[in-house]
Structures are given as C-alpha cells and as structure tokens.
2 protein chains.
Amino acid sequence: MQVATSETAGIARWRQIADSLRADIAEGRLAGALPSEMRLAERFAVNRHTVRRAIAALSEEGLVTAARGRGTFVAPRPGRIAYPVGPRSRFSENIGAASREPGGSMVGATREPASAEIAGLLGCGIAAPLTRLELLRVADGAPVIVSTLWFEEARVPGMVAGFAETGSISRALETLGLSGCRRLWTRVSAIAADAHDAERLHCPLATPLIQTTSLTAAVSGEPVQYARSRFLGSRFELLFDHAVGTTTD
Amino acid sequence: MQVATSETAGIARWRQIADSLRADIAEGRLAGALPSEMRLAERFAVNRHTVRRAIAALSEEGLVTAARGRGTFVAPRPGRIAYPVGPRSRFSENIGAASREPGGSMVGATREPASAEIAGLLGCGIAAPLTRLELLRVADGAPVIVSTLWFEEARVPGMVAGFAETGSISRALETLGLSGCRRLWTRVSAIAADAHDAERLHCPLATPLIQTTSLTAAVSGEPVQYARSRFLGSRFELLFDHAVGTTTD
DNA sequence: CTGTGTTGTCTATTTGTATAGACAACTGAA
DNA sequence: TTCAGTTGTCTATACAAATAGACAACACAG
C-alpha cells in the first residue's frame with residue numbers, strides 16, 4: 001500500500017499503484033468496487049491522473065472494469081489456485097481439482113547438448129543430446145504456467161512426437177514403458193517475468209513468478225526429466241504437505 | 001536479457017537492465033568481469049548512459065564494483081542458499097549448514113484479534129487475542145528473511161518475552177513445554193517487495209520475494225503457530241524433498 | 001611511450017511521467 | 001428533476017528518464 005514518494009527506484013508511480021492494487025486483489029483484500037479515483041489518489045498521495053494510468057493498466061489486464069459515473073469494479077476472477085506439489089502431482093489433475101479447465105500446448109521443441117548442470121542432474125554425459133520442450137499451460141483458457149522440460153534422447157527418445165500424440169508428458173513417458181515416474185524433489189524461488197515469459201503469460205513485465213525446478217525419476221530411480229517452470233505468482237500458491245514428513249532433516 | 005523497447009510497462013529501462021543483470025548474477029550466468037558499458041549498450045539496444053544508470057544501481061546494492069579503465073566486476077557474493085523446508089527445518093540450522101552466520105532480531109511485537117482466516121488455522125475463536133511477532137533474519141549480517149508469526153495468547157503465552165530471553169522461537173516454545181513442534185504444511189507464492197519489506201531487506205522496490213505461509217503444530221497436533229515469511233528470491237531456493245513422498249496425492 | 005579500451009563527468013536535447021486544472025458525460029439517490 | 005459523486009477527455013506545465021556528444025582520467029598491452 002505504500003508508493004515510493006521521491007525515489008521511485010526506476011518504477012513509475014502508476015506502475016507501483018497498479019502493482020499494489022493487483023496484489024490487494026490477488027490476496028482478496030480488494031473485491032467488488034474499488035475506492036473512487038479521488039480516494040485512491042489521496043491514499044497513494046498522487047494526482048488523480050496517475051491513479052487513472054494505473055487503473056488503465058489493470059483494465060487492460062482484465063482485472064478491473066471501469067464504468068463512468070458508477071465506479072471501478074474488480075472483475076470476477078478466481079483467486080489463487082492451491083496447487084499441491086508432490087512426487088506424483090500433475091498439472092491437469094491439480095487444475096481440474098480446482099474446478100478449472102486445464103489445457104496447454106507445446107510452444108517449442110529443440111535439441112541441445114547437455115550442460116554440465118543438467119548432465120549432472122540427469123546422470124548423462126556433458127554435451128549428450130537432450131530434447132528440450134517448451135510447454136504453455138492454460139487454466140480456463142488463460143495462460144498460467146510456462147515450463148521447460150529436458151529429456152536425454154538416448155534414454156527417453158521421441159518425446160516431441162509422444163507429447164504431440166498424447167497431449168501429456170506422463171502418458172508419453174508411459175508409451176515408452178516409463179510408468180510410475182515420480183518427482184524426487186522440487187526447488188522453489190521467485191523471479192520477475194522477463195519480456196519473453198511476460199508475453200507468454202500475458203502479464204506485465206516484471207510480474208513476480210514462482211520458479212520451480214524439479215527432477216523426475218523412473219521407478220528404477222533413474223532420472224528421466226528435469227523441468228523448470230514459472231507460475232504466475234498471483235494465480236498460484238504451491239502447497240507442500242509435511243504431514244508424512246518430508247525428509248529434509 | 002530482453003529490454004522492452006518501446007512500451008516500458010512503467011519500468012524504467014535502466015531498472016530493467018539492472019534487473020536483468022542482477023538475475024544473470026543470481027543464476028551464475030554472470031561472474032567476474034561484466035561486458036563493457038558499450039557492449040552492454042549494444043546488447044540492450046540502449047544508450048550507454050542508460051547502462052551506466054543500471055550499473056550505478058547494482059553498485060549501490062554492492063553487487064558490482066566499477067573501476068575506471070579496468071571495467072566492472074561482479075562482487076564476490078554467495079549464490080542462492082539451498083534452503084530445505086520440512087516439518088522441523090529451522091532457520092539457524094539451514095543457514096549454518098550453508099556456512100553462513102545466522103542472526104536476527106525481533107523488529108516488532110503487537111497484540112491483535114484473530115481474523116477469521118487465522119482463527120480457522122489456529123483453531124481459536126474469531127477475535128481471540130493473538131501475539132504477533134515480526135522477525136528479521138540475517139545471514140552473514142545481511143537481511144534475508146522477514147517473518148510475521150502469530151500465536152494465540154491463551155495457548156502460547158509470553159512469546160515476546162520468551163523470544164527476548166532465548167533468541168529463538170522453538171526454544172521459547174520449549175520453555176512453555178511445547179517441544180517437538182512440527183510444521184504441518186507450507187504454501188509458497190511469489191510477490192514483489194513493497195516499500196516496507198524492501199526497506200527491511202535492503203533490496204530495491206518490487207524485488208521478487210518468495211512468500212511462504214506455514215502452520216506449525218505441537219506434538220498433540222494442536223496448532224501453535226501460523227507464520228508468513230518473505231525470502232529474497234535472489235538469495236534463496238527452497239528445497240522440498242519428495243523422496244519419502246509428500247502426501248499431496 | 002603510444003594506442004586502444006574502459007569508466008567517469010559534463011552539457012544539451014528529446015521523450016515519458018507526474019501533476020494541475022477544467023469541463024463533459026454519466027450514475028443514482030433524494 | 002436536481003445534485004453529489006464518479007469516470008472520461010482535453011490542454012498545459014514541470015520533472016525524470018533516455019539519448020546524444022564530447023572530453024577527461026585511468027588501465028594495460030605492445
């Protein structure tokens with residue numbers, strides 16, 4: 001709720017106000033009618049036009065709709081999706097469980113040599129040929145997750161065609177005889193959306209994203225997939241249940 | 001690596017460049033000497049002065065040091081701390097395990113009535129008196145985590161004094177006969193640092209933060225603590241190990 | 001020592017952001 | 001119908017950001 005008064009840290013005041021209002025909407029602190037432009041201008045200690053600029057941005061994103069004479073209203077929009085993450089959690093099931101329509105598509109596929117990092121994780125040779133897939137996941141038609149997946153070609157061949165045929169990574173793995181794969185671990189950090197991801201996710205530049213990396217292994221324990229995903233922070237809350245005791249200690 | 005060319009989305013070009021370079025540094029893609037200002041200006045398709053402005057910001061943050069005639073260099077700085085999160089993971093142990101000096105202080109303590117949300121989580125009455133603590137955690141003297149903790153006073157009395165005496169939440173709980181507490185679950189999202197947290201964490205406004213909420217229970221299963229924490233995204237990577245199988249499915 | 005490369009500083013201009021004022025057009029309650 | 005409240009639009013000005021050019025000061029290799 002605070003807007004930097006003098007030093008703006010390179011972020012326009014209107015953008016700060018838009019971000020603040022967006023966060024309030026995401027956290028459920030703002031719903032229905034927004035305070036009037038004049039009220040918001042007082043609250044944020046800025047000129048009314050600056051508030052208008054912020055609201056215009058939110059309107060463009062579809063988060064609010066303004067009506068002359070009546071006010072500005074938060075558009076009906078689902079809150080954060082509680083997204084469970086575990087050894088076998090899957091996008092379609094999670095989204096379906098949240099009563100959203102899951103969907104997605106492959107937006108890129110390429111072949112590249114394994115970097116030292118990925119080689120170490122997948123247990124393959126440095127520079128071994130990898131298949132790299134770029135997936136865009138949507139919920140109710142809106143893009144929400146961008147993922148980059150890496151598979152070693154020798155061990156997991158034909159994933160591009162497999163995904164094209166089955167529309168699902170786990171089903172494509174199954175057709176390769178790799179059923180029962182499980183995620184070994186997930187690492188989570190937070191980043192700001194760059195122009196590339198912002199375009200894919202239809203969000204403003206520098207929107208906070210949850211970034212995860214994870215390693216998935218076959219039943220044998222052999223790593224089969226390394227993935228890096230970016231979730232819209234305002235749309236997701238990853239849920240890790242410690243009830244059975246995650247063995248980090 | 002892309003800077004918005006025409007429409008800046010309310011984020012100054014210098015800020016975008018600073019953010020991009022900061023991310024590269026955080027991900028280990030940039031170390032030692034940075035490309036020269038002229039080279040960076042070419043890469044980002046901006047005037048050299050704009051690059052200088054970005055570097056000035058990073059220099060202010062202590063991420064880089066510039067030397068006339070020699071170039072600009074990434075300051076020695078630890079990468080991301082892999083921070084395990086589980087039922088019993090604790091700040092001091094995690095930071096110590098990462099060979100950093102843990103520290104911290106209570107920066108705020110207040111009493112407030114339980115909101116419906118917190119009442120539901122802690123299993124107490126709405127408007128029941130809560131103790132709310134604000135903690136600032138540092139690693140090697142640098143602030144890295146801001147946490148807000150809530151305890152029901154009737155069940156967990158005197159936490160302010162307890163933390164003041166012991167310097168630790170878990171030890172304060174132990175003096176109340178609440179040993180063996182465990183975290184039941186952790187939820188993770190990503191937010192942008194507001195002016196308040198930015199000041200506490202000594203980071204630029206809107207820096208991406210990992211936000212977690214978690215519920216901790218006594219051995220009896222009775223909830224004793226609800227916490228909300230904000231971690232610097234560039235300094236942390238939360239690690240969730242699924243090896244034993246987190247029961248989210 | 002010279003020349004190339006790099007950062008640092010200064011001046012100037014253009015563009016974007018923020019502020020200000022005013023009025024139009026619409027809404028909804030009294 | 002009137003009036004207070006609200007958003008929408010237009011014009012104008014001040015300040016910050018971005019760009020441009022030039023030169024100084026330093027580093028380092030040949």
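On a predicted model such as this, the values are computed, not experimentally measured, just so you know.

As for the protein's contact with DNA strand D
Thinking step 1. Neighbouring residues of DNA strand D: 23 residues in total, closest Arg48 of chain A together with Arg13, Trp14, His49 and Thr50 of chain B.
Thinking step 2. Expressed as a percentage, the sugar and phosphate content of the atoms of DNA strand D within 4 Å of the protein is 70%.
Thinking step 3. Between Arg68 of chain A and DNA strand D, the recorded distance is 2.9 Å, taken from a side-chain N or O atom to a sugar or linking oxygen.
Thinking step 4. Where the surface near DNA strand D is concerned, the elements lending two or more residues are α3 (48-60), β1 (64-67) and β2 (71-74) of chain A together with α1 (13-26) and α3 (48-60) of chain B.
Thinking step 5. Taken together, the residues that form the surface near DNA strand D break down as five nonpolar, ten polar and eight charged.

Points about the interface of chain A and chain B
The figure often quoted for interface size is the accessible area lost as the parts come together.
Thinking step 1. Contact residues are listed per partner, giving 57 residues for chain A and 57 residues for chain B.
Thinking step 2. The junction of chain A with chain B conceals about 4,700 Å² of combined surface from both sides, 58% of it contributed by carbon and sulfur atoms.
Thinking step 3. Inspection of the region where chain A meets chain B yields two salt bridges.
Thinking step 4. A salt bridge links Arg187 of chain A to Glu237 of chain B; the shortest N-O distance between them is 3.1 Å.

Regarding the pattern of salt bridges
Residues and elements named next belong to chain A.
Thinking step 1. A full pass over the atoms with the stated rule returns 32 salt bridges over all chains.
Thinking step 2. A salt bridge links Asp19 to Arg15, with the nearest nitrogen and oxygen atoms 2.9 Å apart. Of the two residues, Asp19 and Arg15 both sit in helix α1 (residues 13-26), four residues apart, roughly one turn of that helix. For the pair shown, Asp19 and Arg15 are each scored as buried.

Here's the deal with the relation of the copies chain A and chain B
Thinking step 1. Note on the identical chains: chain A maps onto chain B by a rotation of 180° and an axial translation of 0.0 Å, with an RMSD of 0.1 Å. Here the transformation between the copies is reduced to the relation of a two-fold axis. Distance from the rotation axis, computed per C-alpha, reaches its smallest value in chain A at Ile11 of chain A: 2.3 Å.
Thinking step 2. A share of 100% of the interface residues of chain A reappears at the interface of chain B, consistent with the copies meeting face to face through the same patch.

Considerations on the protein's contact with DNA strand C
Thinking step 1. The immediate surroundings of DNA strand C are formed by 23 residues, with Arg13, Trp14, His49 and Thr50 of chain A together with Arg48 of chain B found nearest.
Thinking step 2. The sugar-phosphate portion of DNA strand C accounts for 71% of its atoms within 4 Å of the protein, the bases making up the rest.
Thinking step 3. Note that a phosphate oxygen of DNA strand C is positioned 2.5 Å from one of the side-chain N or O atoms of Thr50 of chain A.
Thinking step 4. A distance of 2.9 Å separates a phosphate oxygen of DNA strand C from a polar backbone atom of Glu37 of chain B.
Thinking step 5. Counting only elements with at least two residues in the surface near DNA strand C, the list comes to α1 and α3 of chain A together with α3, β1 (64-67) and β2 (71-74) of chain B.
Thinking step 6. Across the surface near DNA strand C, the residue classes break down as five nonpolar, ten polar and eight charged.

The rules we used
Residues numbered from 1 in each chain as written. Chains lettered and ligands numbered in written order. Predicted model: local features only at pLDDT ≥ 70, side-chain atom pairs only at ≥ 80, totals over all residues. Heavy atoms only, no water. Near = heavy atom within 4 Å. Polar contact = N/O pair within 3.5 Å; in protein donor to acceptor, adjacent residues only side chain to side chain. Helix = DSSP H or I, 4+ residues; strand = E, 2+ residues; numbered from the N terminus. Nonpolar A, V, L, I, M, F, W, Y, C, P; charged D, E, K, R; others polar. Contact = heavy atoms within 4.5 Å. Buried area = accessible area lost by both parts, 1.4 Å probe. Salt bridge = Lys/Arg side-chain N within 4 Å of Asp/Glu carboxyl O. Buried < 20%, exposed > 50% of the residue type's maximum accessible area, 1.4 Å probe, protein only. Least-squares fit on C-alpha atoms with pLDDT ≥ 70 in both.

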